[in-house]
Amino acid sequence: MLHCRNVDTRVAGKIPDWLKGSLIRVGPGKFEEGDFTFNHWQDGMAMIYKFVIYPNGEVTFRQRYLQSDAYRKLRSTKRPVYTEFGTRSFPDPTKNIFSRMLQSFDMSSVTDNASSNVLVLNGEVFVTSETFFLRRIDPLTLETREKIDLHKLTGVNFISSHPVTDHDGTTYNIGTSFSTGPKYVVVRVPPISDGKGACSDPWSNARVLTTISSSWKASMSYVHSFSVSDNYLVFVEQPYLISILKLATSQAKGRSLAQCIDWHPQERIRFIVLNKHTGEVVSTKYLTQEIFFVLHHVNCYEVGNQLVVDLIAYSSPEIINKLYLDKMRTEGYPCDGDHPRLRRFVLPLINEDEVECNKELVEIPGSLASAIRVQDNQLGDFINLESQSIGEDGIDMPIVNPAYRSKPYRYMYGCGGWEQGYFKGSIGKVDVETGECWKWQATEHTISTEALFIPHPEARDEDDGVLVCNTVSTRPDERDAMVILDAKTLQPIAKAEIEEQLGGSLHGTFLPNKF
């Protein structure tokens, strides 16, 4: 059921007096139209929902579909006319035959189904996908507003759905471009400095900080997220490669986006580091022999001349294949041992010519990560990285206390989702210093979504605050809910239950004191 107006929820427990505002989340929510069914969970049309916590402790709920061009065309033609991640596009019957022939060269044919994340930029709220289109939404009503075209503004063809806003208000993001060869494009959006508050088009100030050529001549790495420290931006060039040729012919060949991406585990993984102030790329080559697939970075910070990079690693991109709807409906979520885990890499910020070969360069006390200079006939001069695994497996959707982003920190939170590992269905907490783990699950039949950390206004400790998440149950007698947990103990404080099922959910944001 869709609610274009706020509906009441049933609140149990006592919500902290200081916790007031709106939880807004987005995710895939519509997988069928008439006799048509999408192939992949990520293809579902975006659904936005919101829980509002009022000063009197009452909570309301509303949800609605994003009124994207992709959604409206689907409703009218009963087929997707824009290529989604796992589902190819179909001819648009509203276009003549000449328009259809030219469609593969038309950048406007890219989907604007922004189902991945919710972003707040200079006071405005946007939903994002991994194409170059974003949509502004009204945070009060969840109504869909204008479409933002980042291709026109920055030249990107795809862009990460996880931009990072620095402590000074600057927002960074990484996209890819293939019009003049495969490149990574680092985009910077400065904060408003005129004191006038929010502006309706903060993206108009977006500028390209730098471009970096791909390590491959005809393909580029899939970049879902990245990390930012006080002075650096770092991302992983992993061998999950987007083929330019397959992409360019995808419309003519009837390919989905997923069919344009291939896994090449024989290739080395490279960490690319650049100065976030100047855009200058660090000349040191950082490689690892470890083979992994990364969706989400956790945190990144500097300790002297050492750059600590924490991320969630899978052994392969099989997680993507597990989310095809036919598999989910017939096989469930397989217990195959391929569980994500927190890994820590330490990158020495040095000129490799100044250090000896085969000497350990990690200087952080207690760290089990390794960095050693190697000279190789084929790969040249590089720093070989080995990671340190931390905590139990089966956790993703990582978050930290926002005040500790880009700084040394102690705790990471995440969720297990459908994973069959230690954190199955749970909200998890990991002490990144000791590896100790804690978890909470509402019942054995519930799955918890990504949690958001809301710090206590008078916090003294890093984990002094609450986690706000949602729970979805597979049992008809258990209601879906927004749940508030004590971030120290993971004990439930309060919950707000709704009568119907929650829509799909990937990521979200919390707007303090916004109703």
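On a predicted model such as this, the values are computed, not experimentally measured, just so you know. (Residues numbered from 1 in each chain as written. Predicted model: local features only at pLDDT ≥ 70, side-chain atom pairs only at ≥ 80, totals over all residues. Heavy atoms only, no water.)

A word on the nonpolar core
- Phe226, Leu233, Phe235, Phe293, Tyr413, Ile427 and Leu467 are the most contacted members of the largest nonpolar core, which totals 54 residues.
- In this view, Ile427 contacts Gly414, Cys415, Trp438, Lys439, Trp440, Ser448, Thr449, Ala451, Leu467, Cys469, Leu485 and Leu490; residues no more than four positions away in its chain are not counted.
- In this structure, Tyr232, Val309, Leu342 and Ile390 belong to the second largest nonpolar core, which totals 40 residues. (Core = buried A, V, L, I, M, F, W, Y, C linked by side-chain atoms within 4.5 Å. Buried < 20%, exposed > 50% of the residue type's maximum accessible area, 1.4 Å probe, protein only. Contact = heavy atoms within 4.5 Å.)

Concerning the side chain of Glu450
- Its location among the elements puts Glu450 in the loop between β34 (446–448) and β35 (452–455).
- Reaching out from Glu450, the side chain makes a polar contact with the backbone nitrogen of Gly508 at a distance of 3.2 Å.
- Ignoring sequence-local partners within four residues, the contact set of Glu450 consists of Arg25, Met397, Ile399, Cys415, Val468, Cys469, Leu506, His507 and Gly508. (Helix = DSSP H or I, 4+ residues; strand = E, 2+ residues; numbered from the N terminus. Polar contact = N/O pair within 3.5 Å; in protein donor to acceptor, adjacent residues only side chain to side chain.)

Section: the sheet that holds strand β9 (residues 124–128)
- Here four strands make up an open sheet; going across it, the order is β8-β9-β10-β11 and the pairing antiparallel. The two strands at the open ends of the sheet, each matched to only one other strand, are β8 (117–121) and β11 (144–149). On average, adjacent strands in this sheet sit at an angle of 35 degrees to one another, irrespective of strand direction. (Pairing = 2+ DSSP bridges. Axes fitted to C-alpha atoms, helices over the stretch in contact; angles between N-to-C directions.)

Let's talk about the confidence of the model for the protein
- Taken as a whole, the protein shows an average pLDDT of 93; of its residues, 94% reach a score of 70 or greater.
- This stretch, residues 97–105, has a pLDDT under 50; its non-local contacts, to residues over four places away or in other chains, come to nine contacts. (pLDDT = per-residue confidence, 0-100.)

Details of unusual backbone geometry
- Although it is not a glycine, Met397 adopts a positive phi angle of roughly 50 degrees.
- One can find Met397 in strand β30 (residues 396–399).
- Assessed through its relative accessible area of 16%, Met397 is described here as buried.
- Look at Ser406: it is not a glycine, yet its phi comes out positive at around 70 degrees.
- Mapped onto the secondary structure, Ser406 falls in the loop between β30 and β31 (411–415).
- Overall, Ser406 belongs to the buried group, its relative accessible area being 4%.

Overview of the packing of aromatic side chains
- Applying the stated rule across the entire model yields 21 aromatic pairs.
- Consider the rings of Tyr49 and Phe51, whose centres lie 6.1 Å apart with planes at 90 degrees: the pair is edge-to-face.
- According to the relative accessible area criterion, Phe51 is buried, its value standing at 0%.
- Each ring, one from Tyr301 and one from Tyr409, has its centre 6.2 Å from the other, and the planes form 85 degrees; the classification is edge-to-face. Separated by 108 residues along the polypeptide, Tyr301 in strand β24 (residues 293–303) and Tyr409 in the loop between β30 and β31 bring together distant segments of the chain.
- Accessibility expressed as a relative area gives 7% for Tyr301, which makes it buried.
- The ring of Phe133 has Lys147 sitting right over it, with the charged end atom 4.3 Å from the ring centre.
- In this structure, Lys429 is placed above the aromatic ring of Trp438, and the distance from its NZ or CZ to the ring centre is 5.4 Å. (Phe/Tyr/Trp six-rings, centres within 6.5 Å; stacked < 30°, edge-to-face > 60°. Lys NZ or Arg CZ within 6 Å of the ring centre and 35° of its normal.)

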